[in-house]
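# Structure at a glance
Here is what each chain is made of, one letter per residue.
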Amino acid sequence: MIPFEENMKIWNDTLEEISHPIYKSILNNFHTDMIQEISFSIKADIVQKDFDSIMNYSLKYILQSLFIQIKKSKEFELMELVFGDKVCDEFEKLLLMDAIDISYHIDDFITEKEMEEEGISVDDLDNFLNIIVNFNEKQFAILKLTNSVCELGELAFLNLDTSDTFINGNHYSDYEEK
């Protein structure tokens with residue numbers, strides 16, 4: 001484990017290499033646990049010091065966290081009791097990282113020149129980061145069965161301080177049980 005101070009130095013050095021103000025603003029909004037995870041991965045050469053690499057790693061991290069929560073759900077435990085190890089094997093195949101269509105979108109993109117002309121600083125920017133996920137029918141059924149549909153939006157917000165998360169075209173809060 002890398003000490004907190006060293007992780008923060010790695011993170012601050014990474015932010016210095018990010019030139020676009022909105023990218024920098026988005027990364028500044030990441031929460032401490034996510035920063036620690038990314039810094040560790042940068043030091044281990046798993047993640048490059050560029051925005052796309054950091055975002056792609058972050059999205060995979062959030063999906064992995066979601067899968068861990070699904071596996072810990074009571075509904076999943078019941079499925080395991082009934083179907084045994086077969087459920088775990090099928091679950092792993094169904095929810096492979098590469099099998100999920102997940103991406104990020106940045107609203108209101110502004111150039112550095114436009115910021116200078118308008119007198120806007122990075123601190124004036126809101127978070128424009130949206131996460132977009134499209135699950136197939138079987139993947140979505142697992143999420144609904146384990147009551148985990150909203151978890152993805154909450155994880156994205158908690159780790160990345162996203163503006164919004166959309167799942168299969170709807171805002172994640174649309175899936176909250178009423």
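The following refers to the structure shown. Keep in mind that what you see is a predicted model, and the values were worked out from it rather than measured. (Residues numbered from 1 in each chain as written. Predicted model: local features only at pLDDT ≥ 70, side-chain atom pairs only at ≥ 80, totals over all residues. Heavy atoms only, no water.)

### Focus on the side chain of Ser58
Looking at where Ser58 falls in the secondary structure, it is placed in helix H4 (residues 51-72). The class for Ser58 is buried, based on a relative accessible area of 0%. If sequence neighbours within four positions are ignored, Ser58 has contacts with Phe30, Met34, Ile38 and Leu160. (Helix = DSSP H or I, 4+ residues; strand = E, 2+ residues; numbered from the N terminus. Buried < 20%, exposed > 50% of the residue type's maximum accessible area, 1.4 Å probe, protein only. Contact = heavy atoms within 4.5 Å.)

### Focus on a nonpolar patch on the surface
On the surface, Leu78, Leu81, Val82 and Phe83 cluster together to form a nonpolar patch covering roughly 490 Å² of accessible area. The topology assignment puts Val82 in helix H5 (residues 74-83). (Patch = residues over 30% accessible without salt bridge, like charges linked within 9 Å, V, L, I, M, F, W, Y side chains within 5 Å. Areas by Shrake-Rupley, 256 points an atom, 1.4 Å probe, with all protein chains shown as cover. Salt bridge = Lys/Arg side-chain N within 4 Å of Asp/Glu carboxyl O.)

### Observations concerning helix H1 (residues 4-17)
Here H1 contains 14 residues, and its C-alpha end-to-end distance of 20 Å stays within 8% of the 20 Å for a straight helix at 1.5 Å per residue. For H1, every residue scored as buried is listed here: Asn7, Ile10, Trp11, Thr14 and Leu15. Summarising the axial view, the buried residues of H1 lie within an arc of 135 degrees, below the 170-degree limit, and thus occupy one face. Along H1, exposed side chains directed more than 90 degrees from the buried face belong to Glu5, Lys9 and Glu16. (Expected span 1.5 Å × (residues − 1). Arc of directions from axis to C-beta.)

### Brief notes about the packing of H4 against helix H9 (residues 149-160)
Their axes nearest at 10 Å, the elements H4 and H9 cross at an angle of 130 degrees. With respect to each other, H4 and H9 are oriented oblique. Read as a crossing pair, H4 and H9 show a hand that is right-handed. Together, Met55, Ser58, Leu59, Tyr61, Ile62, Leu63, Ser65, Leu66 and Gln69 of H4 and Glu151, Leu152, Leu155, Ala156, Asn159 and Leu160 of H9 make up the contact between the two elements. For the contact of H4 with H9, the per-class residue count stands at 10 nonpolar, four polar and one charged. (Axes fitted to C-alpha atoms, helices over the stretch in contact; angles between N-to-C directions. Parallel < 35°, antiparallel > 145°, perpendicular 65-115°, else oblique. Left-handed = near helix turned anticlockwise from the far one by under 90°. Nonpolar A, V, L, I, M, F, W, Y, C, P; charged D, E, K, R; others polar.)

### Here's the deal with unusual backbone geometry
Trans is the common state for peptide bonds, and a negative phi is the common state for residues other than glycine. Here the phi dihedral of Asp45 falls at roughly 60 degrees; this positive angle occurs in a residue that is not glycine. By the secondary structure assignment, Asp45 is in the loop between helix H3 (32-43) and H4. Asp45 sits in the exposed class, given a relative accessible area of 63%.

### Looking at the nonpolar core
Nonpolar side chains in soluble globular proteins generally cluster together in the buried interior. Core analysis: the biggest nonpolar cluster contains 46 residues, and Phe30, Ile70 and Leu160 have the highest contact counts within it. Per-element accounting of this core gives the leading share, 10 residues, to H4. Once you skip the residues sitting within four places of it in the chain, Ile70 turns out to touch Phe76, Phe91, Leu95, Ile142, Leu143, Thr146 and Ser148. (Core = buried A, V, L, I, M, F, W, Y, C linked by side-chain atoms within 4.5 Å.)

### Some details on the sheet that holds strand S3 (residues 164-167)
In spatial order, the strands read S1-S2-S3-S4; together these four strands make up an open sheet with mixed pairing. Here the strands that pair on one side only, and so sit at the sheet edges, are strand S1 (101-106) and strand S4 (170-171). Judged from the six bridges that link them, S1 and strand S2 (residues 129-134) form a sheet pairing that is antiparallel. Bridge pairing in S2 links Ile102 to Val133. (Pairing = 2+ DSSP bridges.)

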